[in-house]
Amino acid sequence: MMTIWNKLSAQAEAVRNRPLLELFEIEARAGSFSAEAGGLLFDYSKTNIDAETRDLLIALAEERGVAARREAMFTGAKINETEGRAVLHTALRNLDGSVLVDGADVMPAVRETHARMVAFAHDLRAGRFTGQGGAITDVVNIGIGGSDLGPAMAVLALAPYHDGPRCHFVSNVDGAHIHDILAGLNPATTLVIVASKTFTTIETMTNAETARRWMATKVSDPAAQFAALSTAGDKTAAFGIDPSRVFGFEDWVGGRYSMWGPIGLSLMLAVGPETFDRMLAGAAAMDRHFRTAPFAQNLPVLLALVGIWHNQFCGYATRAVLPYEQRLARLPAYLQQLEMESNGKRVSMDGADLSYHSGPVVWGEPGTNGQHAFYQLIHQGTRVIPCEFMVGAEGHEPDLAHQHLLLVANCLAQSEALMRGRSLDEAREIMRAKGLEGAELERQARHRVFPGSRPSTTLLYPKLTPETFGAIVALYEHRVFVEGVILGINSFDQWGVELGKELALALAPVLDGSSDGAGKDGSTLRLAARFRAAQGG
């Protein structure tokens, strides 16, 4: 008897060469293969998923226990089994009710930390908290990974709502990054936020020390203009940061899921607590939809099932995220971490090797820029790359509505072109109209053929408001969760980042010449020697 997985594999093979346009011969294809929630319309009709395939995919999600695992997450069960932790980033944006972890309600502490953030934001924005040279004009967030990508993306996404201090983000340990950020700022009117749960992240703490030295050139008490997003109270105190400006979060909030709480402080300072809470409300609304909607109308589930179909069954190893919204320029990088750190695993929950591929390579850029860069490969390259378009029906600049119309036209045209393609006969007619004939006509025509039947989805939203932005990010968070459950992996640990960090610490003495690097390979030793020679050592 064939399993659901085997049936889907057979289905993928059977429809591999089916033209996508054929599917639109079925009446109401677009309406039947789309779903809506909270003003978001998710259209997956331009994929090779038909009714039979969708039924099988939903059956797979049911078989793999997505519903039970989902409820376990929302109710505080320790579904991060390799670390023995709950997964409750959803609690940071749903400030009502209660959630028990080890028999204790975690929500009073969540609400208390949120209230402290709100009070601090109001004080800074109103000028009651100042720098040693006057009102705070700039905020520098120092973090890395989830402590950087989330707030950096969100600050850009919600730029129309900024009415507070300017925000800047430092992540790379490369000294050029912090140098270039600090170069244009005034230490006396700058707040530095150090985002590190343990206050030991080497890149973050190295940059924090650099920022403190920079601050000390102009102010007498540098630590008075620092805040910390950390649970390590002893270390933040040793750094000199007053406990009133230390905002902690629990171990059940993973870094890449953390912008809803203290890691989002820079965003709250920029846009204000009320706008920040609107973002939380949009995410919470998506949480409710994900928790209650049937799978066939559930946006995160459907987005995940499309991803599973393309990657695990069709064999498409990569997907492009293409927001036609300049203010979502950092979203592809954010989703790259969210997906690839979460689902880039090689073993199942019980430690057994996976018998199929795990998460895909995720990448992208905003449209229309990407059209003049990598769309050539997407349209005419030899590999199929599923595309995930997203676009707002309305922009924030009414006087530039004509440009927004052009933007949306480009977005819809690209998904249509990927599906429709251009046949050799059509290309020949184009060349014939240009006056070509014979062998030259044939040669030129072949360069203008588009294979077509290349899959894409489109997420259409009314306008990039705080609520909409929160819903979009939560949608993708839950998509990653569903994919992880179906694949049988732990989406909430990240052991793959550890080995390189350990080796980097061991290499530092080799690079400064205090160790001979015994046990290191020849390549690494030769590169280290060349580095020391370049340094004059």
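Structure shown above.
Chemist: For this particular structure, what's the right way to read the side chain of Q312?
Modeler: Considering the arrangement of structural elements, one finds Q312 in helix 13 (residues 299-313). For Q312, a relative accessible area of 14% gives the class buried. Only 2.9 Å separates the side chain of Q312 from the backbone oxygen of S358, close enough to count as a polar contact. Apart from residues no more than four positions distant in its own chain, Q312 is found in contact with W5, G307, H357, S358 and L487.

Chemist: Is there a simple way to explain the nonpolar core in this structure?
Modeler: Nonpolar side chains tend to gather and get buried jointly when the protein is soluble and globular. By size, the foremost hydrophobic cluster in this structure holds 115 residues, and its most contacted members are L40, L191, L269, M279, W309, F313 and F469. Ranked by residue count, the leading element in this core is helix 19 (residues 466-487), at 13 residues. Setting aside residues up to four positions removed in sequence, F469 forms contacts with M153, A154, A157, L158, M259, M279, L328 and L464.

Chemist: Any chance you could explain the pattern of salt bridges here in plain terms?
Modeler: Pairing is possible between side chains that carry opposite charge, provided their charged atoms lie close to one another. On inspection of all chains with the given rule, the structure shows 30 salt bridges. Of the charged contacts in the structure, one is a salt bridge between E13 and R16, with a shortest N-O distance of 3.4 Å. Residue E13 is classed as exposed on the basis of its relative accessible area of 52%. In this structure, the salt-bridge partner of R93 is D287, at a minimum N-O distance of 2.7 Å. Separated by 194 residues along the polypeptide, R93 in the loop between helix 5 (66-74) and strand 3 (100-101) and D287 in helix 12 (residues 273-292) bring together distant segments of the chain. Across the pair, exposure class does not vary: R93 and D287 are buried alike. Overlapping salt bridges bring together R319, E339, E388, R479 and E483 as one network.

Criteria and thresholds
- Residues numbered from 1 in each chain as written.
- Predicted model: local features only at pLDDT ≥ 70, side-chain atom pairs only at ≥ 80, totals over all residues.
- Heavy atoms only, no water.
- Helix = DSSP H or I, 4+ residues; strand = E, 2+ residues; numbered from the N terminus.
- Buried < 20%, exposed > 50% of the residue type's maximum accessible area, 1.4 Å probe, protein only.
- Polar contact = N/O pair within 3.5 Å; in protein donor to acceptor, adjacent residues only side chain to side chain.
- Contact = heavy atoms within 4.5 Å.
- Core = buried A, V, L, I, M, F, W, Y, C linked by side-chain atoms within 4.5 Å.
- Salt bridge = Lys/Arg side-chain N within 4 Å of Asp/Glu carboxyl O.

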